[in-house]
Amino acid sequence: MASLGETTMTMAAAELRFRDGVMDVSAADAAALASGEPLLRMRNIGKSFPGVRALNGARLDLWPGEVHVLFGENGAGKSTLINVIAGVLTPDEGEMHLFGEPLRLTSVQNARRHGIAAMFQEFSLAPHLTVAQNLVLGNEPGRFGLINSRRARQIAEQALSRYGFELPLDEEVGNLGRAEQQMVEMAKAMLTEPRILILDEPTASLSEKETEALFDTVRQLKARGVAIVYITHRMREIQAIADRITIMRDGSYIDSLLAAEAGEDQLIELMTGRKHGDLYPSISHHAGRTLLRLENVSSRDGMLQDVSIELREGEIVGLAGLVGCGKSEIGRACFGLVPLAAGSLQFNGEHLTRLTPREMLGRGLGYVTSDRRHEGLLLQRSTRENIALAALPLRSFSWAGLLRLGRERRQVQSLAERMHLRPLNLKAEAVNYSGGNQQKIVIARALARETKVLIVDEPTVGVDVGARAEIYKALANLVHQGCSIVLISSDMPEILNLCNRVYVVKDGRVVDHLEHHEIDEERILHGFFHEASDSQEHNL
């Protein structure tokens, strides 16, 4: 849109004038602004893989000092487009211009030499190397084949202190939490002094406090003239950090909007190609007998203390709390992944002491992990194998130790169709699917067995609005078919709209229990922060 480009150029120029003397804008960036040319211009970008047209006529204009959000459903082509920008993929067709000059990237290293860096959802870190070693990996200072360790450490210290990241330089990266690993990844990307930084779902595993720290870093980078391509599905992040938004659908460019003028309903309609209907399905709860009960449960690792909850037939019970509060450990304890030190667990009328995931599956309790890539999927195996995995011992899938391939294929096909997996290719490796479709595979696997109770931990993290609606519908159908669900979520709207009872978890304890008529956002938030000291405080 010409008017939008002119408006953006004017805004960017005004931003530069306002920050004169502070913003570190290169001569090339300033020249691009003065000429009316974006820093990066992409036109008619096409990319195909065997059987899949991933990009078709994609386009993007990126200006210095802006946060530009790529918005679209899982599978819309966002990841393919940023891989083209980062030099991971070479487009089959189309044109790219950087500073007004033709650009053709042949590798990630080539992109970095042009001032383009990326921080993807899957980190490029070496877990057995220290923080300092990871930061300089591939660019170690030295001479004659020898690394200057002192200089390497100085570089690492400067990289972390520049953005306020407090990390132990000598700690192996594999021992850090995901949020800390993300800090290492970002510091590593920034060492190249990029003009363009790509952030792919950067807050997916961060608390609210960590998210705000990330936003502060993004604002610093904007002030220095860095252009940021940002992928997120979270509307509140778009409102908080975005300058412009480009919407993609089915690999194609749909529209570009100023973030300040874009409404949520408008974005969802552009993203999906349909009017924004009700996201949350109507669920009729008819609570029956108790199926799952924890009484005064404490875990050996100390994460859980005196936890008591119950789940009845025909209901969705929510476990709400801040990141790190212990709500995930409750679900893992029910499935036999967290050893218990005290208390009792009762499932379907049976008192259980030593629990294993195999035994709980056999009794009809399913579990969907929050970490689909590391715990939920065999990424290099086919969709068919991933969906069928937990049900292979069943007579419907095997007999006398032999797999009944025809039955397996038909049932897996039915489950994949039920979850609206796109594209539906049972031979495709799980790693080739988008995050939302990977989540559908994990849930489809849970549906392959007859399940009395399903525990789902953060079922829609990193999932777009369209896939969210399909996942919520699948959960509603399970309840209507007689399954009971424990929904563990840091997403307040999920808790408020899907659950008929809620337990609030804080510091490994249940601090409140709300019946359906009592469920209220203010009361839940009060439970999150009640009597919390600064050192104890966690964030969503």
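Conventions and cut-offs
- Residues numbered from 1 in each chain as written.
- Predicted model: local features only at pLDDT ≥ 70, side-chain atom pairs only at ≥ 80, totals over all residues.
- Heavy atoms only, no water.
- Helix = DSSP H or I, 4+ residues; strand = E, 2+ residues; numbered from the N terminus.
- Rg over C-alpha atoms; globule rule 2.2 N^0.38 Å.
- Contact = heavy atoms within 4.5 Å.
- Patch = residues over 30% accessible without salt bridge, like charges linked within 9 Å, V, L, I, M, F, W, Y side chains within 5 Å.
- Areas by Shrake-Rupley, 256 points an atom, 1.4 Å probe, with all protein chains shown as cover.
- Salt bridge = Lys/Arg side-chain N within 4 Å of Asp/Glu carboxyl O.
- Lys, Arg positive; Asp, Glu negative; His and termini not counted.
- Charge placed at Lys NZ, Arg CZ, Asp CG, Glu CD.
- Buried < 20%, exposed > 50% of the residue type's maximum accessible area, 1.4 Å probe, protein only.
- Pairing = 2+ DSSP bridges.
- Axes fitted to C-alpha atoms, helices over the stretch in contact; angles between N-to-C directions.
- Phe/Tyr/Trp six-rings, centres within 6.5 Å; stacked < 30°, edge-to-face > 60°.

**Quick word on the overall build of the protein**
Next, step 1: Helices and strands together make up the secondary structure of the protein, namely 19 helices and 24 strands.
Next, step 2: The C-alpha atoms of the protein give a radius of gyration of 25 Å, which matches the 24 Å a tight globule of 540 residues would have.
Next, step 3: By its C-alpha atoms, the protein is 75 × 50 × 50 Å across when sized along the principal axes.
Next, step 4: Nonlocal contacts in the protein, meaning residues at least 24 apart in sequence, comprise 68% of its contacts between residues at least 6 apart.

**Observations regarding a positive patch on the surface**
Next, step 1: Taken together, Arg 395, Arg 407, Arg 409, Arg 410 and Lys 427 make up a surface patch of like positive charges.
Next, step 2: Secondary-structure assignment places Arg 395 in the loop between α14 (383-388) and β19 (398-399).
Next, step 3: By relative accessible area, which is 56% here, Arg 395 ends up exposed.

**Quick word on the sheet that holds strand β1 (residues 40-49)**
Next, step 1: If you trace the 4 strands from one edge of the open sheet to the other, you get β2-β1-β4-β5, paired in antiparallel fashion. Whereas interior strands pair on both sides, the edge strands pair on one side only; in this sheet they are β2 (52-62) and β5 (101-102).
Next, step 2: Of the strand pairs in this sheet, β1 and strand β4 (residues 93-98) are connected by 5 bridges, and their pairing is antiparallel. From the neighbouring strand, Leu 40 faces β4, where its bridge partner is Leu 98.

**As for the sheet that holds strand β22 (residues 484-489)**
Next, step 1: The 6 strands are arranged β18-β21-β22-β15-β23-β24 in an open sheet whose pairing can be described as mixed. The two strands at the open ends of the sheet, each matched to only one other strand, are β18 (365-368) and β24 (509-515). Across this sheet, the average inter-strand angle for adjacent strands is 15 degrees, counted without regard to direction.
Next, step 2: Relative to β22, strand β21 (residues 453-457) is paired through 5 bridges, and the arrangement is parallel. Bridge pairing in β22 places Asp 457 opposite Ile 488.

**Digging into the packing of aromatic side chains**
Next, step 1: In this structure the tally under the stated criterion is 2 aromatic pairs.
Next, step 2: Ring centres of Tyr 280 and Tyr 472 lie 5.1 Å apart, and the angle between their planes is 20 degrees; this geometry places the pair in the stacked category. One end of the pair, Tyr 280, is in the loop between α10 (264-272) and β13 (290-299); the other, Tyr 472, is in helix α17 (residues 465-480), and 192 residues separate them in sequence. An identical accessibility class is assigned to Tyr 280 and Tyr 472; each is buried.
Next, step 3: Judged by centre distance (5.2 Å) and plane angle (25 degrees), the ring pair of Phe 335 and Tyr 367 falls under stacked. Here Phe 335 is found in the loop between α11 (327-334) and β16 (340-347), whereas its partner Tyr 367 is found in strand β18, with 32 residues between them in sequence. The same class applies to Phe 335 and to Tyr 367, which are both buried.

**Things to note about a nonpolar patch on the surface**
Next, step 1: Residues Leu 378, Leu 389, Leu 392, Leu 403 and Leu 405 make up a contiguous nonpolar surface patch of roughly 380 Å² in combined accessible area.
Next, step 2: Looking at the secondary structure, you find Leu 378 in the loop between α13 (372-376) and α14.

**Re the pairing of β24**
Next, step 1: Two strands pair when backbone bridges link them, and strand β23 (residues 501-506) and β24 are joined in this way by 6 bridges, in the antiparallel orientation. Among the inter-strand pairings, Val 502 is bridged to a residue of β24, identified as Leu 514.
Next, step 2: What sits between the antiparallel neighbours β23 and β24 is a turn of 2 residues, in which Asp 507 has the positive phi angle 50 degrees.

**Observations concerning the pattern of salt bridges**
Next, step 1: Within the structure shown, the criterion is met by 26 salt bridges.
Next, step 2: Its salt-bridge partner being Arg 381, residue Glu 385 comes within 2.8 Å of it at the nearest N-O pair.
Next, step 3: Salt-bridge contacts for Lys 506 lead to Asp 507; the nearest nitrogen and oxygen are separated by 2.8 Å.
Next, step 4: The exposure class of Lys 506 is buried, given its relative accessible area of 12%.
Next, step 5: By sharing partners, the salt bridges in this structure join Arg 293, Glu 295, Glu 310 and Arg 312 into a single network.

**Some thoughts on the pairing of β4**
Next, step 1: The sheet contact formed by β4 and β5 spans 2 bridges and is antiparallel. Paired with His 97 across the two strands is Pro 102, which belongs to β5.
Next, step 2: The antiparallel pairing of β4 with β5 creates a hairpin that spans 2 residues between the two strands, and Phe 99 there sits at a positive phi of about 55 degrees.

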